[in-house]
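Next come the chains, spelled out residue by residue.
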Amino acid sequence: MTTVRNVVLVHGGFVDGSGWRGVYDHLVADGHQVAVVQNPTLSLAGDVAATGQVLDALDGPAVLVGHSYGGAVVTEAGNHPNVAALAYIAAFAPDKGESVGTLIADPPPGAPVPPILAPRDGFLFLDREKFAASFAADVPGKTAAFMADAQVPWGVEALGGAVTVPAWRTRPSWYLVATDDRMIPPAAQRAMAERAGATVSETPGSHAVHVSRPAVVAAVIAQAAQGPDGQV
């Protein structure tokens, strides 16, 4: 079989799909057909539905890629028949019955605590002044400041959305660990990747590794498009 041509990119909480631009450019230059899902981030079910609409429109199989909370989305949406493989980029990979909320409820001692502000009208934001250090420490200062000011409100309901059927149980998966991540501890990333049976690689990088190191991220996605033995 030939390399999977389609790639669907799913963003996480607090940011939108524009953060994928660098990765998108690398993948398109490599011959992939790339779509970016703009999650409403109101509920997990709503974001899975939005991802499903994009997958429905494809002309063949795809690698479904999630960053951060987007990993929860692809874990559920990855059961779509057009999904050939999953790729997690510094992302949550919940099991059945787990949500991002349950996965972050009990951080290990000494782990950085994301500067999530108290919910406001049912939505979450990161402390703007702490955004760069926690989310985008290796992103140019002006870009990190823009990301902080352009935050997407993340619905509390999305945070609590539980996965029902984890697609990594039936789809091959790849995982890129960002070793300098201060939002999802690298140890937690490794544990989720191991549980999912993912092919794991690591790179220095902040939580916004898809912004700071797009070529590295695109290379992992390209590996997923080739499959475990060079093909899917």
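Our structure is the block above this text.
This structure is a prediction, so every number in the text was calculated from the model and none was measured. (Residues numbered from 1 in each chain as written. Predicted model: local features only at pLDDT ≥ 70, side-chain atom pairs only at ≥ 80, totals over all residues. Heavy atoms only, no water.)

Caption draft 1: Quick peek at the packing of aromatic side chains. By the definition in use, this model includes 4 aromatic pairs. Ring centres of Y69 and W154 lie 5.3 Å apart, and the angle between their planes is 55 degrees; this geometry places the pair in the tilted category. Highlighted residues: Y69 in the loop between β3 (62–68) and α3 (70–77) and W154 in strand β6 (residues 154–155), separated in sequence by 85 residues. One exposure class covers both Y69 and W154, and it is buried. (Phe/Tyr/Trp six-rings, centres within 6.5 Å; stacked < 30°, edge-to-face > 60°. Helix = DSSP H or I, 4+ residues; strand = E, 2+ residues; numbered from the N terminus. Buried < 20%, exposed > 50% of the residue type's maximum accessible area, 1.4 Å probe, protein only.)

Caption draft 2: Molecular detail of the nonpolar core. Ranked by size, the top nonpolar core spans 50 residues in total, and within it V8, L64 and F135 carry the most contacts. The biggest single contributor to this core is helix α2 (residues 44–56), with 5 residues. Membership of the second largest hydrophobic core comes to 24 residues, among which are V34, V220, A224 and A225. (Core = buried A, V, L, I, M, F, W, Y, C linked by side-chain atoms within 4.5 Å.)

Caption draft 3: Here's a closer look at the sheet that holds strand β2 (residues 33–37). Strand order in the open sheet formed by 6 strands is β2-β1-β3-β4-β7-β8, with parallel pairing between adjacent strands. A strand with exactly one partner marks an edge of an open sheet, and here the two such strands are β2 and β8 (199–203). Direction aside, neighbouring strands of the sheet carry axes that sit 20 degrees apart on average. Both strand β4 (residues 83–91) and strand β7 (residues 173–178) contribute to a ladder of 4 bridges, which runs parallel. Counted as the bridge partner of Y88 is Y175 from β7. (Pairing = 2+ DSSP bridges. Axes fitted to C-alpha atoms, helices over the stretch in contact; angles between N-to-C directions.)

Scope: geometric values only; no functional claims are made or implied.
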